[in-house]
Amino acid sequence: MKEKKLKFDKAQIEKSERDLINVLEVYEQRLSKNRFLAGEEFTLADLSHLPNSHYIINKTDRGYLFSDRKNVSRWWKEISNRPSWKKVLSSGGNSN
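Per an unreviewed UniProt entry, the protein chain is named glutathione transferase, and its organism is Acorus calamus. Listed in UniProt under the heading Catalytic activity (unreviewed entry), the comment for the protein chain reads: "RX + glutathione = an S-substituted glutathione + a halide anion + H(+)". The heading Sequence similarities (unreviewed entry) in the UniProt record of the protein chain holds the text "Belongs to the GST superfamily. Phi family."

Written out as structure tokens, the structure reads:
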């Protein structure tokens, strides 16, 4: 069976990266005042970021978009080190 070669749209990738940067800048400001995105408690707002953020940080060369932002980096370390998320990853549910 012949393997399909993926085509990448460089313009779309660049646009998506700019969009992510804009969102992370908003998060940086919000997280300078709150422990988590919706306040002082871990909520679905934080939980929903785990799979895609994990992929970006661990499977691409764009992890610096998170680590270069003090508050986003702190937030990411805290939510990604939750025992429940570690259990998901260790059970094979590691979003590629």
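A. Main features of the overall build of the protein chain. In terms of helices and strands, the protein chain carries six helices and zero strands. The secondary structure elements of the protein chain, listed N-terminal to C-terminal, are α-α-α-α-α-α. Summarising its shape, the C-alpha atoms of the protein chain cover approximately 50 × 35 × 20 Å along the three principal directions. The burial tally for the protein chain puts 28% of its 96 residues in the buried class. Within the protein chain, counting contacts between residues at least 6 apart in sequence, those at least 24 apart form 63% of the total. Carbon and sulfur atoms make up 54% of the accessible area of the protein chain, which amounts to about 7,200 Å² in all. Averaged over its 19 positive side-chain charges, the protein chain has a centre that lies 4 Å from the centre of its 13 negative ones.

B. Representation of the nonpolar core within the structure. Counting 14 residues, the largest nonpolar core has L24, Y27, L31, F66, V72, W75 and I79 as the members making the most contacts within it. Top contributing element to this core by residue count: helix α5 (residues 70-80), with four residues. If near-sequence neighbours (up to four positions away) are discounted, I79 is found in contact with F36, F42, D46, L50 and W85.

C. The packing of helix α1 (residues 10-31) against α5, seen in detail. At a closest axis distance of 7 Å, the pairing of α1 and α5 adopts a crossing angle of 80°. Here α5 runs roughly perpendicular to α1, going by the angle between their axes. Mapping the contact onto sequence places L24, Y27, E28 and L31 in α1 and K70, N71, V72, R74 and W75 in α5. Residue classes in the contact of α1 with α5 are distributed as five nonpolar, one polar and three charged.

D. Here's a closer look at the environment of L20. Here L20 lies in helix α1. Classification of L20 by relative accessible area gives partly exposed; the value is 21%. Spatially, the C-alpha atoms of L20 and F66 are 10.0 Å apart, while their sequence positions differ by 46 residues. If near-sequence neighbours (up to four positions away) are discounted, L20 is found in contact with I56 and L65.

E. Representation of the packing of aromatic side chains within the structure. In the structure shown here, the tally under the stated rule is three aromatic pairs. Ring centres of F36 and F42 lie 5.9 Å apart, and the angle between their planes is 80°; on these two criteria the pair is classed as edge-to-face. Residue F36 is classed as buried on the basis of its relative accessible area of 2%. Looking at F42, the relative accessible area reads 23%, which means it is partly exposed.

Rules behind the numbers
- Residues numbered from 1 in each chain as written.
- Predicted model: local features only at pLDDT ≥ 70, side-chain atom pairs only at ≥ 80, totals over all residues.
- Heavy atoms only, no water.
- UniProt positions renumbered as here; feature names shortened; annotations may be inferred.
- Helix = DSSP H or I, 4+ residues; strand = E, 2+ residues; numbered from the N terminus.
- Buried < 20%, exposed > 50% of the residue type's maximum accessible area, 1.4 Å probe, protein only.
- Contact = heavy atoms within 4.5 Å.
- Areas by Shrake-Rupley, 256 points an atom, 1.4 Å probe, with all protein chains shown as cover.
- Lys, Arg positive; Asp, Glu negative; His and termini not counted.
- Charge placed at Lys NZ, Arg CZ, Asp CG, Glu CD.
- Core = buried A, V, L, I, M, F, W, Y, C linked by side-chain atoms within 4.5 Å.
- Axes fitted to C-alpha atoms, helices over the stretch in contact; angles between N-to-C directions.
- Parallel < 35°, antiparallel > 145°, perpendicular 65-115°, else oblique.
- Nonpolar A, V, L, I, M, F, W, Y, C, P; charged D, E, K, R; others polar.
- Phe/Tyr/Trp six-rings, centres within 6.5 Å; stacked < 30°, edge-to-face > 60°.

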